[in-house]
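Spelled out, the chains give:
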Amino acid sequence: MSDTLGTDAATGRQSQGTPEAGDAAKSASPASPRAAGRRRSGRARMRLEIAILSGPAILIFLAFVIFPVTLAAYYGFYRWKGYGDPTDWVGLDNYKLILTDPAFHEVLTHNLLIVVLSLVVQGPLAIGLALLLNQKIRGRSVIRILIFVPYVISEIIVGTGWGLMLQSNGAVNDLLGKLGLESWQRDWLSDPDLALWTLMTIITWKYIGFAVILMLAGLQSIPDELFEAAEIDGASYWQIQRRITLPLLGPTIRIWGFLSIIGSLQLFDLVFIIWGPYIAGTAGTSTMAIYMVAEGRNAANFGYGSAIAVVMFVISMFVALLYQRFVLRRDLQGALTDGGSR
């Protein structure tokens, strides 16, 4: 037995000392110069691919987002009428005026109310419609198209149409009168107690289709086997929706919520078309973007308008970062983990 072990050990030492074994060990070594060169070449190629693919997007982002914001911040330090070189330096006066102006506080409150109402109204309504349209019902495709059509209609057409229908002598009040509901006739656009709710009705009608399509896409990504297993275990329809559907639909709901919040903070077109920059202020529907146009361009004070634009950008970015930090954190961590594992 000992002779055999000695022979094997000697044979092993002899094989290790041969040139062929040494070359094989060197080529298999992870620290060999050839392997290190390949790794460096792979990393350089990956960086080049990233630069080629993301370079155009980065240039466009710098040209159409970062540069305009930087230029607006620069003009915000001047009292400037929009032509010629800005020379009337006012420092931080424009920004101080924004933060202390009660009118800006009012429009900021309107934006925040629109954010909350959009989430509270559109979210449950979109989920309910998506659950309904996810069932096998007759005419499902037609209903989906009808719900989505308002989203693809131009804001100019939507604003003009609703503005004409909701006037004091418009189609809505005329219809209520013909139905014998004269007591329901209202000044839908000018009454400060109703105008904001009118705006929310129009916003919901316009954008609910986008939310429903997102929810439907999220529902169709949930495996049917989960629902079948729950039904076999005796779970009711509402228990299935609460315990399975809503948790698995969470990432879609959170993404929609993010888009809804940013859109509500930057709302401009519908308010401008239906109410205009001045009537919106008296009707209680003015937003930060409307305030920027009224106090900046229309008042020939482009420096102040530029400062308002910067403040809007900062508020939107702050809200977006908070939302990503506390709401989208779990989704982003999952994406980064998956990417790292690959």
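Residues numbered from 1 in each chain as written. Predicted model: local features only at pLDDT ≥ 70, side-chain atom pairs only at ≥ 80, totals over all residues. Heavy atoms only, no water.

A. Quick look at the overall build of the chain. Tallying secondary structure elements over the chain gives 17 helices and 0 strands in all. Looking at the 342 residues of the chain, the share that counts as buried comes to 33%. Here the contacts in the chain between residues at least 6 apart in sequence split such that 65% fall between residues at least 24 apart. (Helix = DSSP H or I, 4+ residues; strand = E, 2+ residues; numbered from the N terminus. Buried < 20%, exposed > 50% of the residue type's maximum accessible area, 1.4 Å probe, protein only. Contact = heavy atoms within 4.5 Å.)

B. Fine view of the pattern of salt bridges. Considering all chains together, one arrives at 3 salt bridges under this definition. In this structure, Asp88 and Arg79 form a salt bridge, with 3.1 Å as the shortest nitrogen-oxygen distance. Overall, the relative accessible area of 33% leaves Asp88 in the partly exposed class. The residue Lys206 makes a salt bridge to Glu155 at a minimum N-O spacing of 3.7 Å. In this pair, Lys206 is assigned in helix H9 (residues 195-220) and Glu155 in helix H7 (residues 155-165), connecting sequence segments 51 residues apart. Residue Glu155 is classed as partly exposed on the basis of its relative accessible area, which comes to 23%. (Salt bridge = Lys/Arg side-chain N within 4 Å of Asp/Glu carboxyl O.)

C. Focus on the packing of aromatic side chains. According to the stated counting rule, one finds 16 aromatic pairs in the structure shown. By the ring-pair criterion, three or more aromatic residues cluster together here, those being Tyr74, Tyr75, Phe77, Tyr78, Trp80, Trp89, Tyr95 and Phe302. In this structure, Arg325 packs its charged tip against the face of Phe326, placed 5.4 Å from the ring centre. (Phe/Tyr/Trp six-rings, centres within 6.5 Å; stacked < 30°, edge-to-face > 60°. Lys NZ or Arg CZ within 6 Å of the ring centre and 35° of its normal.)

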